[in-house]
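Chain by chain, the residues run as shown.
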Amino acid sequence: MAKHYYIGLMSGTSLDAVDAALISIADNNIQLVQNHSATLPAPLKAKILTLCGGTTAEIEILGQVDRELGKLFAHAALDLCQAAKIKPEEILAIGSHGQTVRHRPPDSQRAADIAFTLQIGDPNTIAEITGITTVADFRRRDIAAGGQGAPLVPAFHAAAFGSPEHERVIVNIGGMANISLLKTDGEILGFDTGPGNVLMDSWIMHCHGKAFDHNGEWAGSGRVDPALLNTLLKDPYYSIRGPKSTGREQFNLTQLLATLESLPSTPAADVQATLLELTASSICDAINQSSDGRTEVFICGGGSSNRTLTSRIQALLPNQKVATTEELGIHPDWVEAAAFAWLAKQRLESLSGNVPAATGAKGLRVLGAVFPG
């Protein structure tokens, strides 16, 4: 069976880099062939954060950043091909998630007919520079069908990691965290559990000017503040049953600072320790509520590198196996980019890419718009 090559491009909530993954698919066997990371330039990251927070010059900045990201994504794809020693014309398609700058899914405050999500990183520019057919705008069809537009990774998780013998939970810890419950009978569930790295990253940047807490060392030096943790866990999001999704609009530094101002002063390291506990406990609570406690748990995303966080997850799930997706054949850093490569394949074959039980859409939908190379 001939191998077919696809590239996935992903820039997540953490805004650290563009991840590019080259996968091969032969007879439904998915293999990660090569990966590449392109750092987001600081000025571009600042513009994205400005867009996420809202600005008076929003449309002008949006148009500029859309093109800038398109160029960055395109060159990341070409650098990936060069590293893999594969010609661009051998790639069937690029699947580009883009950069989310606003996510307003349907919820108790927002009806489905006015919900929206917006990802930028011009696919026309990607297709023009690379000469490779590009698939983008994956989320809005699910939104149009009454869904959350997220998470979209559960279908890929099932294709890549599902097992008829073992019930598995795939935990993706990016800026936000989400879980995919893969049952042995093929049923798939999933939803965003809440913040992954976003609050921890924002707090260490606010206090020390660092992009992230290496291995969770700063969090590990502090102590969990029960009053702060309980206050944070009162956010209504945690009590909502899935399907549900979230983003920086709900979990951000401004919200955190307001919460801290309402409570007695807490040492900065203790705040970081509490934010790590918030991520770990919200993930594990979601797993416990969704499964029977005998599932295998596999972690992917940037949070998989945070040893303090993964150790805490294991402690909160003492009777369950906790490992990373590397054990299942794909390094945890590249799972999400690989997912959008797979979603590009689904689009070219007119196959569905969403899981209605995870997003809440009215049914299965073919996702993404095609921009020929």
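Owing to the predicted nature of the structure, the values given are computational and were not obtained by experimental measurement.

A. Molecular detail of the overall build of the chain. For the chain, the helix and strand inventory stands at 13 helices and 12 strands. The C-alpha radius of gyration of the chain comes to 20 Å, within 12% of the 21 Å expected for a compact globule of 373 residues. Within the chain, contacts between residues at least 6 apart in sequence are counted, and of these 68% link residues at least 24 apart. With the model as given, the accessible surface of the chain reaches about 15800 Å², and the carbon-plus-sulfur share is 50%. Counting 29 positive and 38 negative side-chain charges, the chain places the averaged centre of each group 2 Å from the other.

B. Quick look at the pattern of salt bridges. Inspection of the entire model under this criterion finds 11 salt bridges. Between D107 and R110 there is a salt bridge; the shortest N-O distance is 3.2 Å. Using a relative accessible area of 40% as the deciding quantity, one classes D107 as partly exposed.

C. Seen up close, the packing of aromatic side chains. Summed over all chains, the structure comprises six aromatic pairs. When the ring of F138 is compared with that of F340, the centres are 5.4 Å apart and the planes differ by 65°; the resulting orientation is edge-to-face. Of this pair, F138 sits in the loop between β6 (134-136) and α4 (139-144) while F340 is found in helix α12 (residues 335-348), placing the two residues 202 residues apart along the sequence. Here a set of aromatic residues connected by ring pairs shows up, and it is made of F156, F161 and W342. In this structure, K244 packs its charged tip against the face of Y237, placed 4.4 Å from the ring centre.

D. Examining the sheet that holds strand β9 (residues 188-195) more closely. Read across the open sheet, the five strands follow the order β9-β8-β7-β10-β11; overall the sheet is mixed. On the outer flanks of this sheet lie β9 and β11 (322-324), each paired with one strand and no other. Pairs of neighbouring strands in the sheet enclose a mean axial angle of 25°, with direction left out of account.

E. Up close: helix α9 (residues 253-261). Turning to α9, its buried residues number three or more, namely L256, T259 and L260. The buried residues of α9 occupy an angular sector of 100° when the element is viewed end-on, so they sit on one face. Pointing more than 90 degrees away from the buried face of α9 are the exposed residues T254 and E261. Along its buried surface, α9 packs onto α6 (198-208), α8 (226-232) and α10 (268-290). Looking at where α9 begins, the residue whose side-chain oxygen comes 3.2 Å from the main-chain nitrogen of T254 is N252.

F. Highlighting the pairing of strand β4 (residues 91-104). Burial runs high along β4: 11 of the 14 residues are buried. Sheet topology places strand β1 (residues 4-11) next to β4; six bridges connect them, and they run parallel. Considered in β4, the bridge of G8 is made with G95. Relative to β6, β4 runs parallel, the two sharing two bridges. Bridge assignment links G95 to a residue of β6, and that residue is V135. Pairing geometry for β4 and strand β5 (residues 116-120), over five bridges, is antiparallel. Its bridge partner lying in β5, R104 is registered against F116.

G. Structural detail: the nonpolar core. The biggest cluster of nonpolar side chains holds 39 residues, and the ones touching the most others in it are V171, L275, I287 and I313. When residues no more than four places from it in sequence are discounted, the contact partners of L275 are L199, M200, W203, L232 and L256. Core analysis: the next-biggest nonpolar cluster, separate from the first, contains 33 residues, L182, A338, W342 and A358 among them.

H. Summary view of the side chain of H103. Its location among the elements puts H103 in strand β4. Polar contacts involving the side chain of H103 include one to the side chain of S245, which spans 2.9 Å. Once residues lying within four places of it in the same chain are set aside, the contact partners of H103 are F116, T117, Q148, A150, S245, T246 and E249.

I. The packing of helix α1 (residues 42-53) against helix α2 (residues 58-84), seen in detail. Across the interface, α1 lies against α2 with an axial gap of 10 Å and an inter-helix angle of 135°. Judged on the interaxial angle alone, α2 and α1 are oblique. Judged by the sense of rotation from one axis to the other, the crossing of α1 with α2 is left-handed. Here α1 contributes L44, K47, I48, T50 and L51 to the contact with α2, which in turn contributes E58, I61, L62, Q64, V65, E68, L69 and L72. Grouping the constituent residues of the contact of α1 with α2 by class yields eight nonpolar, two polar and three charged.

J. Here's a closer look at the pairing of strand β10 (residues 296-300). Counted residue by residue, β10 has five buried out of five residues, so it is predominantly covered. Burial along β10 is two-sided: E296, F298 and C300 and V297 and I299, pointing in opposite directions, are all buried. For strand β7 (residues 168-173) and β10, the ladder comprises five bridges, and the chain directions are parallel. Residue pairing for β10: V171 is matched across the bridge by I299. As paired strands, β10 and β11 are joined by three bridges and run parallel to one another. Each residue of the ladder has a partner; that of F298, found in β11, is A323.

Analysis parameters
- Residues numbered from 1 in each chain as written.
- Predicted model: local features only at pLDDT ≥ 70, side-chain atom pairs only at ≥ 80, totals over all residues.
- Heavy atoms only, no water.
- Helix = DSSP H or I, 4+ residues; strand = E, 2+ residues; numbered from the N terminus.
- Rg over C-alpha atoms; globule rule 2.2 N^0.38 Å.
- Contact = heavy atoms within 4.5 Å.
- Areas by Shrake-Rupley, 256 points an atom, 1.4 Å probe, with all protein chains shown as cover.
- Lys, Arg positive; Asp, Glu negative; His and termini not counted.
- Charge placed at Lys NZ, Arg CZ, Asp CG, Glu CD.
- Salt bridge = Lys/Arg side-chain N within 4 Å of Asp/Glu carboxyl O.
- Buried < 20%, exposed > 50% of the residue type's maximum accessible area, 1.4 Å probe, protein only.
- Phe/Tyr/Trp six-rings, centres within 6.5 Å; stacked < 30°, edge-to-face > 60°.
- Lys NZ or Arg CZ within 6 Å of the ring centre and 35° of its normal.
- Pairing = 2+ DSSP bridges.
- Axes fitted to C-alpha atoms, helices over the stretch in contact; angles between N-to-C directions.
- Arc of directions from axis to C-beta.
- Polar contact = N/O pair within 3.5 Å; in protein donor to acceptor, adjacent residues only side chain to side chain.
- Core = buried A, V, L, I, M, F, W, Y, C linked by side-chain atoms within 4.5 Å.
- Parallel < 35°, antiparallel > 145°, perpendicular 65-115°, else oblique.
- Left-handed = near helix turned anticlockwise from the far one by under 90°.
- Nonpolar A, V, L, I, M, F, W, Y, C, P; charged D, E, K, R; others polar.

Nothing here speaks to function; it is geometry throughout.
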